[in-house]
Each structure stands twice: as C-alpha cells, then as structure tokens.
Amino acid sequence: MTSTFTAGAAGFGTGLSLIVAIGAQNAFVLRQGVRRQAVLAVVAICALSDAALIALGVGGVGAVVVKWPGALTAVGWIGGAFLLGYGVLAARRVFRPRGEALRSEGEAAGSARRAVLTCLAMTWLNPHVYIDTVFLLGSVAADHGALRWTFGLGAVLASLCWFTALGFGARLLGRFLAKPSAWRVLDGLVAATMIVLGAALITGG
C-alpha cells in the first residue's frame, strides 16, 4: 500500500510541477476563467487531453514517436503559427479603447464555440504538451515498473486539480478586472506569452 501511495504521490507531484509552468494553455484557461466563458468545457478539454496523452506516455508510445522527429517538427510549425496569430489578436485587444463588452446570447454561444476550438488547437498543436506528458511523464513512469499506471493516475489527478482550480478560481480576479485597464494588462500578458512561445516553437527553441 505504501509503495502504491508513493507512486501515486510521485505522479501527482511530477505532473503538477510540469503543468503549473506558465504556458499558452494555462494563459488561455486563465483568461476564459476570468471571463467566465465556457470554463467547464475548457477545463474538461485540458484535463481529458492530458489524461489521454499521459496514458499514451505511460503505455510507451513516446519511444515509438521518437523514431519520427519530423512529426513533432511539423506540429511545432503549425502550433507556433497558431500561437503567434492568437498572440497578435490578444495584443490588439490591449489597444482597444474599451474593456470587455457584454454580449448577446447568440454572440456568447459563438464565443463559446470559438473558445472550445481554440482550446483544442492550443492543446493538440503544442509540442510542449507532448514533451511534458508523453515523453517526460512517460519516461519517469517507466521507472516505477509495475506501478507506472499508478504514477500516471497521480499525474492525471494533478492535471484535473490544476485546471479546475485555474479555470474556476480565476473568477476571484473579477473585481480586480472590473477596470478596462486591468483587462489590458491581462491581455498584454497573454499576448506576450503566446508570441514568445509561438516564436520559440517555429525557431525550434
């Protein structure tokens, strides 16, 4: 029992240390959480995607993918272009003369669909996600032998806890972001994160 608990705790700690790092996915979840828009869907996409990728890593898929490095390179170019585009859009919002406007029900539904599609693209077109989940977590899980799936379960739980806290906890910033200037600061941070990460993916940094 002790070894099982230790493996699960190790998976939780390792997974959390990789997921918490500031990145495109976290920045997007934070913004959606602050806006209180499609939060449940975005959190679910991030957590379920991580669970699927961690399972692939624990199952040993990472060792197979290494044989086709060109695949990750292609994903890097596509994902980098996507992040750069999203970063430019966020930068444009920084210079808008008004804050977040109230939307009609139809517009909100359209925005929710865009949020879901953006989240899917930001998750599955980002090579860093594969490196963290499939390769790094997969390789560490292999060191736990028969308990590797327990380690993986701990990492999946860490992902679920993190994205739930980030998405639904972000609303606590609502009072601070009541001012348009505060939204400009948030969008500026999002823009900087997306542009830097996008450029790094394209240049192979």
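The structure displayed is predicted, hence computed values, not measured ones.

## So, the nonpolar core
Next, step 1: Residues F28, L83, M122, V190 and M194 are the most contacted members of the largest nonpolar core, which totals 26 residues.
Next, step 2: Counting only elements with at least two residues in this core, the list comes to α2 (24-35), α3 (39-58), α5 (69-94), α6 (105-124), α8 (148-169) and α9 (180-203).
Next, step 3: At 6 residues, the largest contribution of residues to this core is made by α9.
Next, step 4: Beyond its immediate stretch of four places on either side in the chain, M122 contacts A24, Q25, F28, F82, L83, Y86 and M194.

## With respect to the side chain of D50
Next, step 1: Of note, D50 is situated in helix α3.
Next, step 2: An unpaired buried charge is present at D50: no salt bridge exists, and R148, the closest side chain of opposite charge, is 19 Å distant.
Next, step 3: Engagement of the side chain of D50 in a polar contact is seen with the side chain of S159, the distance being 2.9 Å.
Next, step 4: Not counting residues up to four positions away in its chain, the partners in contact with D50 are I19, V129, T133, S159 and F163.

## Here's the deal with the confidence of the model for the chain
Next, step 1: Within the chain, residue pLDDT values average 79, and 81% of them lie at 70 or more.
Next, step 2: pLDDT under 50 marks residues 97-107. Its contacts with residues more than four places away, or in other chains, come to 10 contacts.

Thresholds, definitions, all that
Within every chain, residues take consecutive numbers counted from 1 along the sequence as written. Confidence filtering applies because this is a predicted model: local features only for residues at pLDDT of at least 70, side-chain atom pairs given and counted only at 80 or more, and all residues used for totals across whole chains, interfaces and linings. Think of the side-chain values as coming from all heavy atoms in the structure, minus any hydrogens and water. What we call a nonpolar core is a set of buried Ala, Val, Leu, Ile, Met, Phe, Trp, Tyr and Cys residues that are connected through their side-chain atoms within 4.5 Å. Between buried and exposed lies partly exposed: a residue is buried under 20% and exposed over 50% of the maximum accessible area for its type, with that area taken using a 1.4 Å probe on protein chains only. Going along the chain from the N terminus, every DSSP run of H or I of four or more residues is numbered as a helix, and every run of E of two or more is numbered as a strand. Residues are treated as being in contact if the distance between any of their heavy atoms lies within 4.5 Å. The positive count covers Lys and Arg only, the negative count covers Asp and Glu only, and His and the chain ends enter neither. When a carboxyl oxygen of Asp or Glu lies within 4 Å of a side-chain nitrogen of Lys or Arg, that pair is called a salt bridge. Nitrogen and oxygen atoms within 3.5 Å of one another constitute a polar contact, given that in protein one can donate a hydrogen and the other can accept it, and given that sequence-neighbouring residues count only through two side-chain atoms. Per-residue confidence from the predictor is reported as pLDDT, a score between 0 and 100.

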